[in-house]
Amino acid sequence: MHSKSTYGTIAVKTAVLLIAALLLFAPFLFQDVRALEVAARICIFIVLVASYDLLIGYTGIVSFAHTMFFGFGAYGAAIALRQMGPGWDAVAIGALAGVLVSLVVATGVGLLSLRVKAIFFAMITLATASVALVLASQLSQFTGGEDGITYRVPDLFKPATKLMVDETGKVARLFGVKLNGKLAAYYFVFFTSLALFLLMLRVVAAPLGSVLKAIHENEARAEAIGYRVVAYRTFVFCLSAAVASLAGTIYAVWLKYTGPDTTLSFAIMIDILLMVVIGGMGTMWGAVVGAVLMVVAQYYLRDLMGAAAEATANIPLLPDLLDPDRWLFWLGIIFILLVYFFPRGITGTIMQKGAR
Amino acid sequence: MDRISDIMGRFGGVYLLPLALAALAFVLIGAPSSWATLTVAGLAMGMMVFLMASGLSLIFGLMDVLNFGHSAFVSFGAFVAASVLAALSGWLGADNVLLNIVALTLAIIAAMSFGLAAGWFFETVIIRPVYHDHLRQILITMGALIVSEQIILAIWGGTPITVLRPQFLEGAWIIGDVSIEIYRIFAFGLGLAAFIGLYLVLNRTRLGLLVRAGVENREMVEALGFRIDRLFIGVFMVGSALAAVGGAMWAGYETLITPALGGEMMIVVFIVVIIGGLGSIEGTLLGALLVGLTANYVGFLAPKLALASNMILMTAILLWRPNGLRPAVK
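Caption draft 1: Highlighting the overall build of chain B. A tally of helices and strands in chain B yields 14 helices and 4 strands. The globule rule puts the C-alpha radius of gyration for 330 residues at 20 Å, and the 20 Å found for chain B is close to it. Oriented by its inertia axes, the alpha-carbon framework of chain B measures out at about 60 × 55 × 35 Å. Here chain B holds 330 residues, and 50% of them are scored as buried. Within chain B, contacts between residues at least 6 apart in sequence are counted, and of these 78% link residues at least 24 apart.

And the structure:
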């Protein structure tokens, strides 16, 4: 993994650059609503998965509360936008509130879990996250309950907004793409996600990243060298919580809707877990590859499975398993096989190529 | 202070906690009849959760394996039992108590045998390759949980299923102005029987001695020439079977089950195991009773708090005893 210039590493970095380029020009390359939806989701999930990778891949902490922080950010923005009306101040206050709540909860959970065995941490985060999910659906006067919240976002992002007008006063087109608020919203998502991703890339490249890896490799030795493992762990837990919360705010602004299913649900936690493991733990590039593959699969693989289910309609049980709703079944099996045979995931395995 | 804790220890120490909780609730609730109903409900719930949690605790204690897929056994137990009961609905509806009991026993045996078989499969195929690697254990058992949930969805569908109860367990006993559901008594009795059985096996037999020794120091037991991996498969299978029976009992208690059942119970099971301390069934029983009683009392006293009550309980106990109330693993 420390090999700087194996051809495997170069291949992965090229792929990531290609993905970045595709995402940058996504509105011009894929001109339909669904593709733009997919691209925005990919951007946000890259950030979310990368922040989770800080925990699981770099530091070796397994947390199941990541969607909770994602939800704090999303609900922060959603509640602020609904109460204060559409405006940048509401977005800022919502983001700030989400980050603050995330930091407080992360510190609390971190400090509590430091007193107990490391293995408890996974269980405690799972319990905390489930309480957050139940609270979100119960406190319906704040969170809208199961229905969630719909709200309006700043005027800039309205589809009717004209960024540029041509001579006739209609919205101008660039390469056939309308320069409207939807485009602005996408680039808001893209550039904020990029900024957060670069921030995390900087963090892991810094000496801090090496300390985190040292803690993962051998906790006792890291402690013996003089690093306060406990402090580093709490710090990275808070950092990843804050980033996840910001990703949640971005997602809330993009979707114009926040509900338990889009942010807090356990299904999203499983998605994140799958993305991290499929992409490869312990490299930021893995988050990119994993998120892209999973989101694309989520949107397009189901159509394929529906066709397969119809083709096998007269074989018992198989159509049930090939049903588009059962796609997690296959992903689960792929997940198990990956953990067995390629614990480093796709990027980790490729980056090893040519190392010796 | 030391003298007080000494005296408390002589009278049972942490085992007094459920009693203290019940006494506190008695004062707060004020109405003896509702208190009695709630206590019975809490004890019954605690015993069912104990069935689900004891296996997880022992598995972790003996082999340092944390099985996040444990709740899959609970769901499967519930659905297998529900299917058997549905197939035998003629016997259940009959006025004949004997037929009722046969049908119920068959359902529980079906759940148990399924748990044994699934436990064996799970241990040898899923967990064996990742011993001693916690991170991959968590990931792999999580993956197995996803797959099992999807299998349940594929077989039984996503719509809630009604679970039939045997005729003789329907209804309630009325003593004075206290009404006690018969099913709860039955659940409590079955859980207690399982606990006594486990306790006797662990403390009075050679096999139990080996299991306890394995929990205490695995290498030493191996060095003395015992095949602890075989012992572990046994413990894993029994633990899974207990979870399946717990799921079956829970299905009868809820009477309406969905595939989400396992996931919902998993949180409670984890909290119980954390509270009780890993590796000891006494601790698990204690944790299960505390959680069951708290859930019912708080649900009555402050319904808004009911959701968070288990978390608050866990936080309080962890702050007091970071390793749980009665840990067997050092």
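Caption draft 2: Region of interest: the packing of helix 4 (residues 66-84) of chain A against helix 11 (residues 229-255) of chain A. Residues and elements named next belong to chain A. Where helix 4 meets helix 11, the axes come as close as 6 Å, and the angle between the chain directions of the two elements is 45 degrees. Considering their axes alone, helix 4 and helix 11 lie oblique with respect to each other. The two elements helix 4 and helix 11 cross, and the hand of that crossing is right-handed. Contacts between helix 4 and helix 11 involve His66, Phe69, Phe70, Gly71, Phe72, Gly73, Ala74, Gly76, Ala77 and Ala78 on the former and, on the latter, Ala241, Ala244, Ser245, Leu246, Ala247, Gly248, Thr249, Tyr251, Ala252 and Val253. Of the residues belonging to the contact of helix 4 with helix 11, the class tally is 13 nonpolar, 7 polar and no charged.

Caption draft 3: Region of the structure containing unusual backbone geometry. Phi is positive for Lys256 of chain A, close to 60 degrees, though the residue is something other than glycine. By secondary structure assignment, the location of Lys256 of chain A is in the loop between helix 11 and strand 4 (257-258). By the C-beta count within 10 Å, which is 17 here, Lys256 of chain A ends up partly exposed. We note that Thr255 of chain B has phi near 60 degrees; this positive angle belongs to a residue other than glycine. By secondary structure assignment, the location of Thr255 of chain B is in the loop between helix 11 (228-254) and strand 4 (256-257). Accessibility expressed as a C-beta count within 10 Å gives 14 for Thr255 of chain B, which makes it partly exposed.

Caption draft 4: Representation of helix 8 (residues 182-204) of chain B in the model. All names here are of chain B. For helix 8, spanning 23 residues, the distance from its first C-alpha to its last is 32 Å, which sits close to the expected 33 Å at 1.5 Å a residue. Three or more residues of helix 8 are buried, namely Tyr183, Arg184, Ala187, Phe188, Gly191, Ala194 and Leu198. On its buried face, helix 8 sits against helix 3 (32-63), strand 3 (178-181), helix 11 and helix 13 (281-301).

Caption draft 5: Quick look at the interface of chain B and chain A. Across the boundary between the two partners, chain B contributes 29 residues, which contact 33 residues of chain A. Within the residue set of the side of chain B that touches chain A, elements represented by two or more residues are helix 7 (134-156), helix 12 (261-276) and helix 14 (306-320) of chain B. Tallied by class, residues from the side of chain B that touches chain A come to 23 nonpolar, 5 polar and 1 charged.

Caption draft 6: Representation of the confidence of the model for chain A in the model. Chain-level statistics for chain A give a pLDDT mean of 82 and a share of 90% at 70 or above. When mean pLDDT is taken per element in chain A, helix 11 of chain A scores highest with 90 and helix 15 (residues 318-322) of chain A scores lowest with 67.

Caption draft 7: Quick look at helix 3 of chain B. All names here are of chain B. Its 32 residues give helix 3 an end-to-end C-alpha distance of 45 Å, which sits within 8% of 46 Å, the value for a rise of 1.5 Å per residue. In helix 3, a bend of some 35 degrees at Met52 exceeds every other bend along the element. Just downstream of helix 3 lies Asp64, where phi reads positive at about 60 degrees.

Caption draft 8: Local environment of the environment of Ile272 of chain A. Inspection of the secondary structure assignment puts Ile272 of chain A in helix 13 (residues 266-279). In this structure, the C-alpha to C-alpha distance between Ile272 of chain A and Trp254 of chain A, residues 18 residues apart in sequence, is 19 Å.

Caption draft 9: Looking closely at the pairing of strand 3 of chain B. Residue and element names in this part refer to chain B. One ladder, built from 4 bridges, connects strand 2 (residues 172-175) with strand 3; its direction is antiparallel. Along strand 3, the bridge assignment pairs Trp173 with Ile180. Taken together, strand 2 and the strand that follows it, strand 3, pair antiparallel across an intervening segment of 2 residues, in which Gly176 is found at a positive phi of about 60 degrees.

Caption draft 10: Geometry of the environment of Gly144 of chain A. By the element assignment, Gly144 of chain A lies in the loop between helix 7 (140-143) and strand 1 (149-150). Sequence-wise, Gly144 of chain A and Gly259 of chain A are 115 residues apart; in three dimensions their C-alpha atoms are separated by 7.7 Å.

Caption draft 11: Seen up close, the environment of Ile108 of chain B. Residue and element names in this part refer to chain B. By the secondary structure assignment, Ile108 is in helix 6 (residues 97-127). Residue Ile108 is classed as buried on the basis of its C-beta count, with 21 C-beta atoms lying within 10 Å. Residues Ile108 and Ala82, spaced 26 residues apart in sequence, show a C-alpha to C-alpha distance of 9.7 Å. If sequence neighbours within four positions are ignored, Ile108 has contacts with Ala81, Val245 and Ala248.

Calculation criteria
- Residues numbered from 1 in each chain as written.
- Chains lettered and ligands numbered in written order.
- Predicted model: local features only at pLDDT ≥ 70, side-chain atom pairs only at ≥ 80, totals over all residues.
- Helix = DSSP H or I, 4+ residues; strand = E, 2+ residues; numbered from the N terminus.
- Rg over C-alpha atoms; globule rule 2.2 N^0.38 Å.
- Buried ≥ 20, exposed ≤ 12 C-beta atoms within 10 Å, placed from the backbone.
- Contact = placed C-beta atoms within 7 Å.
- Axes fitted to C-alpha atoms, helices over the stretch in contact; angles between N-to-C directions.
- Parallel < 35°, antiparallel > 145°, perpendicular 65-115°, else oblique.
- Left-handed = near helix turned anticlockwise from the far one by under 90°.
- Nonpolar A, V, L, I, M, F, W, Y, C, P; charged D, E, K, R; others polar.
- Expected span 1.5 Å × (residues − 1).
- pLDDT = per-residue confidence, 0-100.
- Bend = angle between axes of the 7 residues up to and from the residue.
- Pairing = 2+ DSSP bridges.

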